[in-house]
Amino acid sequence: MLSKKLKILWLTAITCNGNTHSFLNYPHLDIFMDTFEFIYHPSIDSAYTLNDIINKEIACDILIIEGSISTEYIKADAPIVDIINKYASKVQKIVTVGTCASFGGMFRESDYKDTTGLHFDKERPTSLFEHIKEKTISLSGCPVHPDIIANTLYSIEKKRAIELDSLLRPKEFFAYTVHNGCTRNEYFEYKIDNHQFGKKEGCMFYDHGCHAPYTHGSCNKILWNEVNSKTRAGLSCMGCTEPTFPKGDFFHTKKNMGIPQYLPFGVAKRTYLTLAGITKAFHIKRLEEDLFDD
Ligand code: SF4
Ligand code: SF4
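Here the residue numbers are simple positions, counted from 1 along each chain's written sequence. To read the labels, note that chains go from A and ligands from 1, taken in the order they are written. Predicted model: local features are reported for residues with pLDDT of at least 70 only, side-chain atom pairs are reported and counted for 80 or more only, and whole-chain, interface and lining totals are derived from all residues. To get the side-chain values, all heavy atoms of the structure are used, and hydrogens and water are removed first.

**Here we look at the site of ligand 1**
Taken together, the residues surrounding ligand 1 are H179, C182, R184, N185, F188, C203, M204, F205, C210, A212, P213 and T231. Three classes are used: nonpolar for Ala, Val, Leu, Ile, Met, Phe, Trp, Tyr, Cys and Pro, charged for Asp, Glu, Lys and Arg, and polar for all others, with Gly counted as polar. Here the shell around ligand 1 is composed, by residue class, of eight nonpolar, three polar and one charged. A single heavy atom is enough: if one lies within 4 Å of a molecule or strand, its residue is considered near that molecule or strand.

Printed below as a string of structure tokens:
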């Protein structure tokens, strides 16, 4: 009897395989495999080899792409662009996992020519795969959280409508910022950054380079390993879900005349200065003291 499971082809391009590693940590992978099957995945037992994928006609429902794309990149003697095009025309949906597949990411700096994401070079739209854009959902992140991959695939399977932002990311996961839900929000409000990495107190926006107020993502809502996030644990967000990643200045806030170079999304410099003036007038002893002695 033919399997009713949705068939996934997981193709890797120029990648460190970080999104594969992330997905292998999905805690409900066994239940997931009741609904989906991999016709090919480089690290999971699957029905076909890469040579089969390239040389035979194999039925497929969802194409997942991990890694940056270059016209020069070859897999098992076939250009990655040709393998993508062969399956892109057959599948219901294409999902890019990770910032490299979505926007080029780290590997834009590689030696391969014109390395980009599937549809974007940073935030600039590219034309090579324009014909399949309407099928694509981008799940950016370095890596993307496994729950976001699984939940997106379940939505495709259930034929739920997925509302996307202008960079093809599901609004359900990317409409708000990583700052939203951080346990340090009270320190942010009163502009207290008396932080040492790993310490429980202080916000890291003012001195320690936290990108979260200008990074779209759900790291403080959908926790990593179901328990924690980078900023809750005491390390600055590096903005890995954004097309500009890697932007640099990961642990240091670049400032002009004392004002952070990058302000929270939607906050004008004048508004920031007004609010800064007001909040600096407050001295909340409870927050300024070290509540937890290490
Ligand atoms: S540490 Fe980062 S995420 Fe947390 S409150 Fe400060 S700016 Fe927001
Ligand atoms: S906290 Fe920031 S850098 Fe870390 S995974 Fe989330 S978006 Fe990426």
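**A short note on the sheet that holds strand β9 (residues 136-139)**
Taken together, the five strands give an open sheet; going across it, the order is β2-β1-β3-β6-β9, and neighbouring strands pair in parallel fashion. Edge positions in the open sheet fall to β2 (36-40) and β9, since each of these has one partner strand only. On average, each strand axis in the sheet is tilted by 25 degrees relative to the strand beside it, whichever way the strands run. We treat two strands as partners when DSSP finds at least two bridges between them. Strands here mean DSSP runs of E at least two residues long; helices mean DSSP runs of H or I at least four residues long; both are numbered from the N terminus. In this structure, strand β1 (residues 6-12) lies alongside strand β3 (residues 62-66), joined through five bridges in parallel fashion. Inter-axis angles, ranging from 0 to 180 degrees, are taken between N-to-C directions of lines fitted to C-alpha atoms, where helices are fitted over the stretch in contact.

**So, the pattern of salt bridges**
Within this document, salt bridges are pairs made up of a side-chain nitrogen of Lys or Arg and a carboxyl oxygen of Asp or Glu, the two lying within 4 Å of each other. Counting across every chain of the model gives 14 salt bridges. One salt bridge in this structure joins D165 and R169, with 3.0 Å as the shortest N-O distance. Burial classes follow relative accessibility: with a 1.4 Å probe on protein chains only, a residue under 20% of its type's maximum area counts as buried, one over 50% as exposed, and anything between as partly exposed. Accessibility expressed as a relative area gives 19% for D165, which makes it buried. Look at R169 and you get buried, because its relative accessible area is 2%. Between E201 and K199 there is a salt bridge, with its nearest N and O atoms 3.8 Å apart. For the pair E201 and K199, one class covers both residues: buried. What emerges from the salt-bridge pattern is a single network uniting E57, K86 and K90.

**Remarks on the pairing of strand β6 (residues 93-97)**
Of all five residues making up β6, four are buried, and the element is well covered by its neighbours. Alignment of β6 against β9, held across four bridges, turns out to be parallel. Bridging from a neighbouring strand, T96 pairs with S138 of β9.

Purely geometric numbers; function is a separate question.
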